[in-house]
Amino acid sequence: SQQGEEDPQALSIQEGENATMNCSYKTSINNLQWYRQNSGRGLVHLILIRSNEREKHSGRLRVTLDTSKKSSSLLITASRAADTASYFCATDSLNTGTASKLTFGTGTRLQVTL
Amino acid sequence: GAGVSQSPSNKVTEKGKDVELRCDPISGHTALYWYRQSLGQGLEFLIYFQGNSAPDKSGLPSDRFSAERTGGSVSTLTIQRTQQEDSAVYLCASSLSRPEGTQYFGPGTRLLVL
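What comes next is a walk through the structure. These figures come from a predicted structure and were not determined experimentally.

1. As for the overall build of chain A
Stage number 1. Check the secondary structure of chain A and you find 0 helices and 11 strands.
Stage number 2. Counting from the amino terminus, chain A carries its helices and strands in the arrangement β-β-β-β-β-β-β-β-β-β-β.
Stage number 3. The buried share among the 114 residues of chain A stands at 44%.
Stage number 4. Of the accessible surface of chain A, which amounts to about 5300 Å², a share of 46% is contributed by carbon and sulfur atoms.

Pasting the structure below:
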């Protein structure tokens, strides 16, 4: 089963608009992270929100976390064509290990047009 | 400093051949992860290494897949007797130990099995 599932699967907006992507997960987590991927290659870490945090900002990014609903959202404000990419949420589940074993969702493909 | 590097960037092989994929993590990162991403899909966890602990191999899809990490640094993912369904992008990531959970990804190796 998918630990992280994003919706929508695909989103197309015009430059300057805001883009909102949602992520749902199933188990208790230490933190939730959002990553960006261009052209099916390496992922770039965007932002990490811990389980005791509810909202976090980084530049044009705003992430919210609702642990009672096991969901998170990523908002990109004033989108640019360069924001076109796939966005993945990843959950770091509670365990006793020392490494962060992330479970990734299926991603939202964002297309920003001029 | 240098990021995570992977080689080769692309690999085309014939069904039944063995392949080796290499990952050089960021210096000082104790955790190293391998993921597989099929076309248009999310990331599928394969294996992770954490310091001198036994690796977590729970994501390896079959006994044709194996990985090792020598000297706590470079890792090699080996796929024996490749099948067409092994075609995917293989991504490597490294991270510091908890509580820092951010994973830093390499550019990936695109494997095509003919």
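Read on for the rest.
2. Focus: the pattern of salt bridges
Stage number 1. Inspection of the entire model under this criterion finds 7 salt bridges over all chains.
Stage number 2. Salt-bridge contacts for Glu-55 of chain A lead to Arg-62 of chain A; the nearest nitrogen and oxygen are separated by 3.1 Å.
Stage number 3. Assessed through its relative accessible area of 31%, Arg-62 of chain A is described here as partly exposed.
Stage number 4. With a closest N to O distance of 2.8 Å, Asp-24 of chain B and Arg-22 of chain B form a salt bridge.
Stage number 5. Exposure remark for Arg-22 of chain B: the relative accessible area of 38% places this residue in the partly exposed category.

3. A closer look at the layout of surface pockets
Stage number 1. When its volume is computed, the largest pocket comes out at roughly 560 Å³.
Stage number 2. If you trace the largest pocket, you find 28 residues lining it, with Gln-37, Ser-38, Leu-39, Gly-40 and Gln-41 of chain B closest to the centre.
Stage number 3. If you list the elements that add at least two residues to the lining of the largest pocket, you get strand S9 (85-93) and strand S11 (108-113) of chain A together with strand S8 (88-95) and strand S10 (109-113) of chain B.
Stage number 4. Per-element tally for the lining of the largest pocket: the top contributor is S11 of chain A, with 4 residues.
Stage number 5. Tallied by class, the residues present in the lining of the largest pocket amount to 9 nonpolar, 17 polar and 2 charged.

4. Regarding the interface of chain B and chain A
Size of an interface, as often reported, equals the accessible area lost when the parts are brought together.
Stage number 1. With 29 residues of chain B at the interface, the matching set in chain A holds 25 residues.
Stage number 2. The contact between chain B and chain A buries some 2000 Å² in all, and 44% of this surface belongs to carbon and sulfur atoms.
Stage number 3. Scanning the region where chain B abuts chain A turns up 0 salt bridges.
Stage number 4. For the pair chain B and chain A, the number of links is 2 residue pairs in polar contact (both at pLDDT 80 or more).
Stage number 5. A per-class count over the side of chain B that touches chain A returns 11 nonpolar, 14 polar and 4 charged.

5. Describing the pairing of S9 of chain A
Residues in a regular strand point their side chains to alternate faces of the sheet.
Residue and element names in this part refer to chain A.
Stage number 1. Of all 9 residues making up S9, 9 are buried, and the element is well covered by its neighbours.
Stage number 2. Where burial is concerned, the two faces of S9 agree: the one with Ala-85, Tyr-87, Cys-89, Thr-91 and Ser-93 and the one with Ser-86, Phe-88, Ala-90 and Asp-92 are both buried.
Stage number 3. As defined by bridge partners, S9 adjoins S11 across 3 bridges and the pair is classed as antiparallel. Across the sheet, Ala-85 pairs through a bridge with Leu-110, a residue of S11.
Stage number 4. The pairing of S9 with strand S10 (residues 102-104) spans 3 bridges and is classified as antiparallel. Residue pairing across strands places Asp-92 opposite Leu-102, the latter belonging to S10.

Conventions and cut-offs
Residues numbered from 1 in each chain as written. Chains lettered and ligands numbered in written order. Predicted model: local features only at pLDDT ≥ 70, side-chain atom pairs only at ≥ 80, totals over all residues. Heavy atoms only, no water. Helix = DSSP H or I, 4+ residues; strand = E, 2+ residues; numbered from the N terminus. Buried < 20%, exposed > 50% of the residue type's maximum accessible area, 1.4 Å probe, protein only. Areas by Shrake-Rupley, 256 points an atom, 1.4 Å probe, with all protein chains shown as cover. Salt bridge = Lys/Arg side-chain N within 4 Å of Asp/Glu carboxyl O. 1 Å grid on protein atoms, 1.4 Å probe; cavity = no way out; pocket = protein on both sides within 12 Å on 5 of 7 lines; lining within 4 Å. Points joined across faces, edges and corners; volume = space filled by probe spheres on them. Nonpolar A, V, L, I, M, F, W, Y, C, P; charged D, E, K, R; others polar. Contact = heavy atoms within 4.5 Å. Buried area = accessible area lost by both parts, 1.4 Å probe. Polar contact = N/O pair within 3.5 Å; in protein donor to acceptor, adjacent residues only side chain to side chain. Pairing = 2+ DSSP bridges.

Remember that the coordinates give geometry; whether it matters functionally is a separate question.
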